[in-house]
Amino acid sequence: MKKVFFVFLFVSVLGIKKSTAQDYKTGIGLRGGWSSGFTAKHFIKESRAIEAILSSGYRYRGFQITGLYEIHKPAFTKQEVEGLFWFYGGGAHFGGGYRYEHFHPNNSWWGGTSHTHNYVAFGIDGIFGIEYKIDEIPITLGLDVKPFFDIVTERDAPYGFWDSALSIRFVF
């Protein structure tokens, strides 16, 4: 298994192309933050990318699938810091959880009952952040803030509106 990974890594490094503003075409990696999981970014034009995020832990023990459209701009002039880019954009998410507690009080001696519920959520997302492509190795580091709003969800489902994360991607 280790041999297969190193062969894949070697072939991917040889296939790096300088075809976009970010000096890579596709990146796959990990996202660590409020919603942690996997991230994949693919450039469809010079400074335009689509990003997919599959995360677990979406609120109370669930999942979230997010699709984003991003615009990348040099953070400073290319002569000052090559490989450093700002990005911003938006998209949508679909998620669900398989447990949240809802307490129903009553007048009995134990105080009430608690029910466990499943729920789904659909909403819109924004994103803005900064990303740096390391020239020596095929890796990008990104830091982003992703505000979101659930349009469709259950009335008593847990809610939030802010996500931020650090992403590390292997690029090819």
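Residues numbered from 1 in each chain as written. Predicted model: local features only at pLDDT ≥ 70, side-chain atom pairs only at ≥ 80, totals over all residues. Heavy atoms only, no water.

### Let's talk about the overall build of the chain
- The secondary structure content of the chain amounts to one helix and eleven strands.
- Beginning at the N terminus, the succession of helices and strands in the chain can be written as α-β-β-β-β-β-β-β-β-β-β-β.
- Out of the 172 residues belonging to the chain, those deemed buried represent 39%.
- The long-range fraction of contacts in the chain, counting pairs at least 24 apart against all pairs at least 6 apart in sequence, stands at 54%. (Helix = DSSP H or I, 4+ residues; strand = E, 2+ residues; numbered from the N terminus. Buried < 20%, exposed > 50% of the residue type's maximum accessible area, 1.4 Å probe, protein only. Contact = heavy atoms within 4.5 Å.)

### Structural notes on the pattern of salt bridges
- Under the defined criterion, the tally for this structure stands at eight salt bridges.
- Linking E51 and R169 is a salt bridge whose minimum nitrogen-to-oxygen distance equals 2.8 Å. With E51 in strand 3 (residues 48–56) and R169 in strand 11 (residues 164–171), the pair connects residues that are 118 residues apart, well separated along the chain.
- E51 gets classed as buried once you look at its relative accessible area, which sits at 2%.
- Overall, the relative accessible area of 3% leaves R169 in the buried class.
- Salt bridges linked by common partners bring R31, D125, D144, K146 and D163 together as one network. (Salt bridge = Lys/Arg side-chain N within 4 Å of Asp/Glu carboxyl O.)

### A few points about the environment of F172
- Here F172 is to be found in the segment after strand 11.
- Note on F172: relative accessible area 28%, which makes it partly exposed.
- Once the C-alpha coordinates of F172 and T26 are considered, the two residues, 146 residues apart in sequence, prove to be 5.6 Å apart.

### Overview of the pairing of strand 8 (residues 119–134)
- With 14 bridges connecting them, strand 5 (residues 84–97) and strand 8 associate as antiparallel partners. Within strand 8, the residue paired with F85 across the bridge is E131.
- Pairing geometry for strand 8 and strand 10 (residues 148–153), over five bridges, is antiparallel. Each residue of the ladder has a partner; that of D125, found in strand 10, is F148.
- In terms of strand pairing, strand 8 meets strand 9 (residues 139–145) through seven bridges, oriented antiparallel. Bridge pairing links Y132 to L141 in strand 9. (Pairing = 2+ DSSP bridges.)

### Points about the confidence of the model for the chain
- Across the chain, the average pLDDT comes to 79, with 69% of residues at or above 70.
- Averaged over each element, pLDDT in the chain is lowest for helix 1 (residues 2–14) (38) and highest for strand 9 (97).
- Below pLDDT 50 for its whole length, residues 1–20 participates in 18 contacts with residues either more than four positions away or in separate chains. (pLDDT = per-residue confidence, 0-100.)

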